[in-house]
Amino acid sequence: MRSAPRAFVQLLTLAAWVAGCATTPPPAPIGPASLAAEETTIASQGLTQVTLRYAGQLTSPGPAVLEKADYELVSDGQVVEKGSEALGVSLPANAATPFAFQAEAPYVRTPEDLRVLSGRGGTLLVALRGTLTVRAGDTVRTLPFAASRQVRVPRLPVVKVEGLEGARYSEEKVDLMLRLAVENPNPFPLRLEGLSWALTVGGRKLSEGTQGRYDTVDAAATGVYPVEVAVTRETWGEDVRALIAKGTLPYEVAGELTGPLVRVPYSLSGDVKLNVSR
């Protein structure tokens with residue numbers, strides 16, 4: 001048998017190569033995804049911490065995967081936290097696909113920060129910003145994102161005298177019922193470590209203690225802590241009869257309210273009119 005001429009074999013090889021190229025073209029590169037419906041909301045807020053939720057919609061011109069979000073959490077113009085969140089969201093071609101993630105950070109780091117913010121009042125701007133990583137085959141693209149919102153600044157609680165009654169049982173005995181109030185002006189619960197107090201009547205300290213240990217005051221609510229003290233010869237002194245005979249007792253209550261980053265000293269004074277107890 002005679003072999004085919006070498007030129008003919010080369011021609012067949014070239015034709016097969018051309019045909020193969022024509023039937024399996026390389027995939028066309030996919031264009032960048034588009035981002036819409038960006039929004040940052042407050043997932044939770046405390047006196048020192050805030051959790052933000054970022055949400056958006058991605059549309060890719062071809063199948064792709066939203067792999068991760070590299071973010072910065074910004075509070076009042078300062079970056080307070082950096083991080084990366086793995087997402088793994090499949091993006092069908094030409095379909096707006098929702099996604100979301102959360103980030104938490106302390107936006108108050110010291111008692112002084114809290115005092116300054118509380119005194120300023122109003123609101124502060126918080127934001128999540130960074131880049132999204134999208135993979136389509138071997139192509140990796142990054143897309144910037146950013147969304148912000150205003151939140152109320154955290155405010156220090158306020159200590160007040162909710163009430164003070166004096167019941168005179170004899171010429172040498174008065175029972176005082178003091179109600180200390182802790183007002184929480186924030187839209188979130190307030191955790192306490194304790195409310196210390198020292199009660200002085202007529203210039204002499206009668207008693208002291210701590211109320212509300214590890215208590216929680218609800219959002220926009222007032223916690224009330226009762227204190228009972230007796231004014232007698234034993235607690236006040238030999239001349240208690242002359243003090244009670246005046247019918248009105250001058251008092252002062254002072255102490256400190258404490259909690260996470262909370263240090264609120266207080267001093268409250270006034271006069272309590274005595275009622276005759278039958």
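Rules used throughout
Residues numbered from 1 in each chain as written. Predicted model: local features only at pLDDT ≥ 70, side-chain atom pairs only at ≥ 80, totals over all residues. Heavy atoms only, no water. Pairing = 2+ DSSP bridges. Helix = DSSP H or I, 4+ residues; strand = E, 2+ residues; numbered from the N terminus. Axes fitted to C-alpha atoms, helices over the stretch in contact; angles between N-to-C directions.

### Let's talk about the sheet that holds strand 4 (residues 78–91)
In step 1: Here 4 strands make up an open sheet; going across it, the order is 4-3-6-7 and the pairing antiparallel. The outermost strands of the open sheet, each flanked by one partner alone, are strand 4 and strand 7 (139–152). Across the sheet, the mean angle separating the axes of adjacent strands is 20° when strand polarity is ignored.
In step 2: With 10 bridges connecting them, strand 3 (residues 64–75) and strand 6 (residues 123–136) associate as antiparallel partners. By the bridge assignment, Ala-69 is partnered in strand 6 with Leu-132.

### What to know about the sheet that holds strand 8 (residues 158–170)
In step 1: Judged by pairing direction, the sheet is mixed, and its 7 strands sit side by side in the order 12-11-15-16-8-9-14 without closing on themselves. Taken across any chain shown, the strands that pair with only one partner, and hence form the sheet edges, are strand 12 (204–211) and strand 14 (222–232). Looking at each pair of strands side by side, their axes are set apart by 20° on average, direction ignored.
In step 2: Of the pairings in the sheet, the one linking strand 15 (residues 248–259) to strand 16 (residues 262–276) comprises 12 bridges and is antiparallel in character. Among the inter-strand pairings, Thr-258 is bridged to a residue of strand 16, identified as Arg-263.

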